[in-house]
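As a plain string of letters, each chain reads:
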Amino acid sequence: MQGKLILSDGTVFLGESFGKEGRESSGLSSTSGEVVFNTGMVGYPESLTDPSYFGQILVLTYPLVGNYGVPISEFWESKKIQVKGLIVQNYIDHPSHFESQKTLDHWLKAEGIPALTGVDTRMLTRKLREYGVMLGKLEIGSLKLEDGIYDPNKENVLPQVSTDQVEVYGEGKKNIVLIDCGVKINIIRSLVRRGAKITRVPWDFNPLDLKTDFDAVLISPGPGDPKQATATIQTVKNLMKIDMPVFGICLGSQILALAAGGNTYKLKFGHRSQNQPVQDIQTKKAIITSQNHGFAVDMKSMGPDWQEWFVNLNDGTNEGIRHKKRSVMAVQFHPEANPGPFDAGYLFDEFLSLV
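Computed from a predicted structure; not experimentally measured.

Trainee: Where do I start with the pattern of salt bridges in this structure?
Mentor: Side-chain pairing between opposite charges can occur once the charged atoms of the two side chains come close. One pass over the full model with this rule turns up nine salt bridges. A salt bridge links E167 to R200, with the shortest nitrogen-to-oxygen separation between them at 3.4 Å. Residue E167 is located in strand β8 (residues 167-169), and its partner R200 is located in strand β10 (residues 196-201); the two are separated by 33 residues in the primary sequence. Take R200: its relative accessible area is 10%, and that puts it in the buried class. Three or more residues joined by partner-sharing salt bridges are found here, namely E167, D180 and R200.

Trainee: What is the right way to read the pairing of strand β15 (residues 306-312) from this model?
Mentor: Sheet faces and side chains relate simply in a regular strand, where the side chains alternate between the two faces. In terms of burial, β15 is a largely internal element, five of the seven residues being buried. One ladder, built from three bridges, connects strand β13 (residues 263-280) with β15; its direction is antiparallel. Directly across from D280, in β15, lies its bridge partner F310. Both β15 and strand β16 (residues 318-323) contribute to a ladder of five bridges, which runs antiparallel. Its bridge partner lying in β16, V311 is registered against N318.

Trainee: Where do I start with the environment of I149 in this structure?
Mentor: Residue position: I149 is located in the loop between β7 (134-140) and α4 (158-161). C-alpha of I149 to C-alpha of S8: the two residues are 141 residues apart in sequence and 8.3 Å apart in space. Sequence-distant contacts of I149, that is, excluding residues within four places in its chain, are made with S32, G33, L135 and G136.

Trainee: Please clarify how the packing of aromatic side chains should be interpreted in this entry.
Mentor: The geometry of two aromatic rings is summed up by the distance between their centres and the angle between their planes. Taken as a whole and assessed by the stated rule, the structure comprises eight aromatic pairs. Measuring from ring centre to ring centre gives 4.9 Å for W309 and F310, while their planes differ by 40°; the resulting arrangement is tilted. Here the aromatic residues F247, F348 and F351 are joined through ring pairs into a cluster of three or more. Positioned above the aromatic ring of Y346, the side-chain terminus of K285 is 4.6 Å from the ring centre.

Trainee: Looking at this structure, how should I read the sheet that holds strand β5 (residues 85-87)?
Mentor: Through backbone hydrogen bonds, the strands of a sheet pair up, either in parallel or in antiparallel fashion. Strand order in the closed barrel formed by seven strands is β1-β2-β6-β5-β4-β3-β7, with mixed pairing between adjacent strands. With strand direction ignored, the average angle separating the axes of adjacent strands in the sheet is 35°. Seen against the sheet, helix α2 (residues 104-111) touches β2 (12-19), β5 and β6 (114-117) and runs at an angle of roughly 90° to β2. The strands touched by helix α3 (residues 121-131) are β1 (2-7), β2, β3 (29-38), β4 (56-60), β5 and β7; relative to β3, the strand with the most contacts, the crossing angle is about 70°.

Trainee: Is there a simple way to explain the side chain of N292 in this structure?
Mentor: Structurally, the position occupied by N292 is in strand β14 (residues 286-298). Of note is the side chain of N292, whose polar atom sits 3.0 Å from the side chain of D50. With sequence-adjacent residues up to four places away left out, N292 is seen in contact with D50, S52, Y53, C250, H271, R272 and H334.

Trainee: Explanation requested: unusual backbone geometry in the structure shown.
Mentor: Keep in mind that most residues, glycine aside, have a negative phi and that most peptide bonds are trans. The omega angle of the peptide bond from N338 to P339 is 25°, so this bond is cis rather than trans. By the secondary structure assignment, P339 is in the loop between β17 (328-331) and α8 (346-353). In this chain, G340 is followed by P341 through a cis amide linkage whose omega measures 0°. Mapped onto the fold, P341 is located in the loop between β17 and α8. Phi at K284 takes a positive value of approximately 70°, unusual for a residue other than glycine.

Trainee: Where do I start with the side chain of S290 in this structure?
Mentor: Tracing the chain through its elements places S290 in strand β14. Setting aside residues no more than four positions away along its own chain, S290 makes contact with S273, Q274, F333, H334, A337, G340 and P341.

Trainee: What's the story with the packing of helix α6 (residues 230-239) against helix α7 (residues 251-259) in this structure? I'm lost.
Mentor: Packed helix pairs are characterised by how far apart their axes lie and by the angle those axes make with each other. Where α6 contacts α7, the axes come no closer than 8 Å and their chain directions differ by 65°. Of the possible angle classes, the one that applies to α6 and α7 is roughly perpendicular. Once α6 is placed against α7, the crossing between them reads as right-handed. Between α6, through T232, I233, V236 and K237, and α7, the contact on the second element is made entirely by I255, L256, L258 and A259. Class assignment of the residues belonging to the contact of α6 with α7 gives a composition of six nonpolar, one polar and one charged.

Scoring rules and cut-offs
- Residues numbered from 1 in each chain as written.
- Predicted model: local features only at pLDDT ≥ 70, side-chain atom pairs only at ≥ 80, totals over all residues.
- Heavy atoms only, no water.
- Salt bridge = Lys/Arg side-chain N within 4 Å of Asp/Glu carboxyl O.
- Helix = DSSP H or I, 4+ residues; strand = E, 2+ residues; numbered from the N terminus.
- Buried < 20%, exposed > 50% of the residue type's maximum accessible area, 1.4 Å probe, protein only.
- Pairing = 2+ DSSP bridges.
- Contact = heavy atoms within 4.5 Å.
- Phe/Tyr/Trp six-rings, centres within 6.5 Å; stacked < 30°, edge-to-face > 60°.
- Lys NZ or Arg CZ within 6 Å of the ring centre and 35° of its normal.
- Axes fitted to C-alpha atoms, helices over the stretch in contact; angles between N-to-C directions.
- Polar contact = N/O pair within 3.5 Å; in protein donor to acceptor, adjacent residues only side chain to side chain.
- Parallel < 35°, antiparallel > 145°, perpendicular 65-115°, else oblique.
- Left-handed = near helix turned anticlockwise from the far one by under 90°.
- Nonpolar A, V, L, I, M, F, W, Y, C, P; charged D, E, K, R; others polar.

Written out as structure tokens, the structure is:
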């Protein structure tokens with residue numbers, strides 16, 4: 001069955017449907033969201049389950065998708081697919097991998113996610129790079145989307161991706177409170193593997209209300225405009241009044257900056273890839289990082305007590321901030337990166353050494 005991606009400027013990209021109401025089904029489907037692209041060559045199971053993609057239609061630029069199937073959920077970044085829709089150039093329906101449990105088409109069907117194959121993703125990506133990410137709608141068959149196009153940046157989407165209760169992982173002596181704004185599970189795995197105990201709390205939970213002691217706070221990644229997370233920003237403001245290590249990742253970096261009185265802004269097309277080079281301003285060491293974000297910290301807006309920690313070597317945007325006197329820091333990239341690269345994993349060790 002044919003489908004089409006219609007961008008907010010009226011541009012139409014045609015393709016063949018798979019996933020929800022595709023291939024072997026005669027039904028119809030439609031969805032809408034922010035259309036973004038990721039240039040990674042591998043890792044579509046991790047990307048599809050990354051909560052930071054909530055509310056977005058994901059375009060994968062690598063031309064072969066589905067060729068290694070879908071692994072068991074232990075390798076996912078959350079319990080379900082988070083994207084609103086998927087766009088690929090060439091879907092492979094006959095995967096070959098020893099860990100494959102099902103096809104990508106079967107997985108998308110089971111979770112009700114529409115997708116298109118046969119789309120000119122090179123042309124689509126070039127358009128998004130030139131004009132910036134756009135809203136769009138994905139229509140399958142003759143069903144038209146009558147409602148307005150969904151914009152995940154116009155509301156607080158954290159309740160959609162955060163836990164709704166306190167959860168504990170690991171049995172280490174160091175208790176790290178993780179404010180869940182849409183955490184990738186591999187962040188929890190990475191810290192537990194290093195001997196930490198993780199107390200995961202909802203996005204609007206005040207860690208100071210916990211009945212148990214804790215040693216540090218980690219603000220997780222997540223989707224949407226950071227300025228919508230007003231409750232989390234206020235919580236971080238309160239936490240910064242006490243002498244305790246705080247570490248922010250991705251959205252967590254933006255929330256930390258806003259809590260410190262700084263500002264954030266939307267990037268033209270964001271950083272969504274596995275090969276973003278960043279440099280430590282102090283040591284001049286450069287590392288290759290995995291990234292997924294559409295907003296950035298305006299370093300010029302930060303007060304005199306803050307210094308730039310990392311900078312992006314492609315476009316010069318901020319990739320990390322650090323307090324000059326206290327153990328409060330954040331990075332815009334993903335140290336837990338799975339499937340990789342793993343250059344930034346040492347930052348978890350540095351964080352835990354401050355606890």
